[in-house]
Amino acid sequence: MRQIDRERFAISDDDVLQLARWALVIEEHYSAKRGTPTPMDIEWVRDSNTGELFIVQARPETVHSQQQPMLHLYTLQERGPVLAEGLAVGEAIAVGPARVIRDTRQLDTFQPVEILITEITDPDWEPIMKVASAIVTQRGGRTSHAAIVAREVGVPAVVGASNAFTITTGRMITVSCAEGEVGRVYAGALAHRVDDVDPRTLPQTTTQIMMNVGNPDQAFKLSRLPNDGVGLARMEFIFASQVRVHPLALTRYASLPDAVKRDVDALTQGYANKMDYFVETLARGIATIAAAFWPKPVILRLSDFKTNEYAHLVGGAGFEPHEENPMLGWRGASRYYHPDYQDGFMLEVAAIRRVREVFDLRNLKVMVPSCARTSTCTRGLPEVRRLAVKLVWIWSINC
């Protein structure tokens, strides 16, 4: 496959929206027919010659929609050497001895308490997958056979773990899918805790309880806990986990050293306009939290990184000054109107507009941090007025 083909998206935004519309129509049809809300499992294909989309199967979804409301909250209580990383499937943690199987002729060697380590799976592997403590595959993604079966049987899995075969049979390992999107395989049997919570048994409080949520990967799980919305979603957490690149490295890409350009190029593959990567990626992270808690309010705090934290983002070192005390330095509102960051701030604003106007998640509110003063002798009144106009605009989108 050519490099240009590997870097482009498989389907367009219009295709995604068309599939979403069809999914809503299909679910509405079956819900009306059955007289009850009916989540659907839908499969589709795209004709490689004409580019047309087709729905090829639709059936009631039988895994997530039938889950009991009991919450099993897994928490890793210690860390160890990381043997492999991949995509996390599920949210559980499992401990056990590894069993490396490279061929179906070795399936009879597998014991139920073991953790399966293999390259990739197919239906022939299902009998042992159903009794495995966890599954780790060297290849595959979220739609691979291993990921689908793991979801169906409730087994934690790490797929696409390129170092999976460095693990040897019999070694005691811990598979953790409780740390967000990245699943990790740790050496040793690590201590962890499982808290079982039935939300139906929790008393209703007269005090509104709003949550702190910074990781979009955890938003839907946390939204199942009793709450009145999100009182604080820190944008910088989404920067670090989802975007990972300094906004000015995109708005001023031409000025970057070649080595930094390569790092930025690797993150922004598939985007002809690198600023679109920032806006769309940041908007998706924010929207995930807003959608998980809809229609309850979600208060997003605009970026409040300190200069040393901004410098650790890809391409950030060249745009950040050294400060003896970054805690009291160039952060929050004081950055937004400054000519050295203003174009970066406008990317943040564009992402927020996308969440509210394109995704129509009007439950999103914004908070402006570090408003220490309304004027400053070093910037002058014109800059303060321009900042005020921007902040009034941001406030107005919440109404």
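For the structure, see preceding data.
Cut-offs applied
Residues numbered from 1 in each chain as written. Predicted model: local features only at pLDDT ≥ 70, side-chain atom pairs only at ≥ 80, totals over all residues. Heavy atoms only, no water. Helix = DSSP H or I, 4+ residues; strand = E, 2+ residues; numbered from the N terminus. Rg over C-alpha atoms; globule rule 2.2 N^0.38 Å. Buried < 20%, exposed > 50% of the residue type's maximum accessible area, 1.4 Å probe, protein only. Contact = heavy atoms within 4.5 Å. Areas by Shrake-Rupley, 256 points an atom, 1.4 Å probe, with all protein chains shown as cover. Lys, Arg positive; Asp, Glu negative; His and termini not counted. Charge placed at Lys NZ, Arg CZ, Asp CG, Glu CD. Polar contact = N/O pair within 3.5 Å; in protein donor to acceptor, adjacent residues only side chain to side chain. Phe/Tyr/Trp six-rings, centres within 6.5 Å; stacked < 30°, edge-to-face > 60°. Lys NZ or Arg CZ within 6 Å of the ring centre and 35° of its normal. 1 Å grid on protein atoms, 1.4 Å probe; cavity = no way out; pocket = protein on both sides within 12 Å on 5 of 7 lines; lining within 4 Å. Points joined across faces, edges and corners; volume = space filled by probe spheres on them. Nonpolar A, V, L, I, M, F, W, Y, C, P; charged D, E, K, R; others polar. Axes fitted to C-alpha atoms, helices over the stretch in contact; angles between N-to-C directions. Parallel < 35°, antiparallel > 145°, perpendicular 65-115°, else oblique. Left-handed = near helix turned anticlockwise from the far one by under 90°. Expected span 1.5 Å × (residues − 1). Pairing = 2+ DSSP bridges. Right-handed = clockwise from strand over helix to strand, strands pointing away.

(A) Spatial organisation of the overall build of the protein chain. Each helix and strand in the protein chain was counted, giving 13 helices and 15 strands. Computed over the C-alpha atoms, the radius of gyration of the protein chain is 24 Å, within 12% of the 21 Å expected from 2.2 N^0.38 for a compact globule of 399 residues. In terms of principal-axis extent, the alpha carbons of the protein chain reach across some 75 × 55 × 55 Å. In the protein chain, which comprises 399 residues, the share counted as buried stands at 41%. Taking the contacts inside the protein chain whose residues are at least 6 apart along the sequence as the reference set, 63% of them involve residues at least 24 apart. Working note: accessible area of the protein chain is about 21,500 Å², and carbon and sulfur atoms make up 53% of it. Here the protein chain contributes 44 positive and 47 negative side-chain charges, whose respective centroids are spaced 4 Å apart.

(B) Seen up close, the side chain of H338. Mapping H338 onto the fold places it in the loop between helix 11 (333-336) and helix 12 (342-358). Overall, H338 belongs to the buried group, its relative accessible area being 11%. At a separation of 2.9 Å, a polar atom in the side chain of H338 contacts the main-chain amide nitrogen of D340.

(C) Structural view of the packing of aromatic side chains. Tallied over the entire structure, the rule returns five aromatic pairs. Here Y271 and Y277 contribute two aromatic rings whose centre-to-centre distance is 5.6 Å and whose plane-to-plane angle is 80°, an arrangement assigned as edge-to-face. Relative accessible area serves as the criterion here: at 13%, Y271 is assigned to the buried category. For Y277, a relative accessible area of 5% puts it in the buried group. Through pairs of rings, three or more aromatic residues link up here, namely F239, F278, Y310 and Y341. Here the basic side chain of K261 rests over the ring of Y253, its NZ or CZ set 5.4 Å away from the ring centre.

(D) Looking closely at the layout of surface pockets. In this structure, the second largest pocket spans a volume of roughly 1,200 Å³. When residues of the lining of the second largest pocket are traced back to their parent elements, those giving at least two are helix 1 (3-7), helix 2 (13-34), helix 6 (235-243), helix 9 (274-293) and helix 12. Per element, the largest residue contribution to the lining of the second largest pocket is six residues, and it comes from helix 2. Considered class by class, the residues forming the lining of the second largest pocket number 13 nonpolar, seven polar and 11 charged.

(E) Region of interest: helix 4 (residues 145-153). Residues of helix 4 that are buried include every one of A146, A147, V149 and A150, and no others. Of the residues one or two after helix 4, G154 is the one with positive phi, at around 75°.

(F) Just the packing of helix 6 against helix 9, in detail. At a minimum axis separation of 10 Å, helix 6 and helix 9 run at an interaxial angle of 120°. If you check the angle between helix 6 and helix 9, you find them oblique. Remark: the crossing between helix 6 and helix 9 carries right-handed chirality. Contacts from M235, I238, F239, Q242 and V243 of helix 6 reach helix 9 at Y277, F278, T281, L282, G285, I286 and I289.

(G) Spotlight on the packing of helix 9 against helix 12. Two numbers describe how helix 9 lies on helix 12: the axes approach to 8 Å, and their chain directions differ by 50°. Here helix 9 lies oblique to helix 12, going by the angle between them. Judged by the sense of rotation from one axis to the other, the crossing of helix 9 with helix 12 is right-handed. Only L347, E348, A350, A351, R354 and V355 of helix 12 make contact with helix 9, whose side of the interface consists of M275, F278, V279, E280, L282, A283, I286 and A287.

(H) Region of interest: the environment of Q111. Checked against the element boundaries, Q111 lands in the loop between strand 5 (93-100) and strand 6 (115-118). Accessibility expressed as a relative area gives 41% for Q111, which makes it partly exposed. Note: C-alpha distance between Q111 and V131 (20 residues apart in sequence) is 8.2 Å.

(I) Geometry of helix 9. End to end, helix 9 covers 30 Å across 20 residues, agreeing with the expected 28 Å (1.5 Å per residue, within 8%). Summarising burial for helix 9: 15 of the 20 residues are buried, a large majority. N-cap assignment for helix 9: the residue whose side-chain oxygen lies 2.9 Å from the backbone N of M275 is N273.

(J) Local environment of the sheet that holds strand 15 (residues 364-367). One open sheet holds the four strands; their spatial order is 12-13-14-15, and the pairing between them is parallel. Looking at which strands have only one partner, the edges of the open sheet turn out to be strand 12 (211-212) and strand 15. When strand 12 meets strand 13 (residues 230-234), the two strands line up parallel, connected through two bridges. Within the sheet, the bridge partner assigned to N212 lies in strand 13 and is L232. The sheet strands contacting helix 6 are strand 13 and strand 14 (298-301), and the helix crosses strand 13 at an angle near 45°.

(K) Layout of the pairing of strand 7 (residues 134-137). Side chains of strand 7 alternate between two faces, with A134 and V136 and I135 and T137 buried alike. The pairing of strand 6 with strand 7 spans four bridges and is classified as parallel. In the strand pairing of strand 7, I115 is matched with A134. Pairing geometry for strand 7 and strand 8 (residues 157-159), over two bridges, is parallel. When the bridges of strand 8 are listed, I135 appears paired with A157. The β-α-β motif built from strand 7, the intervening helix 4 and the parallel element strand 8 has right-handed crossover chirality.

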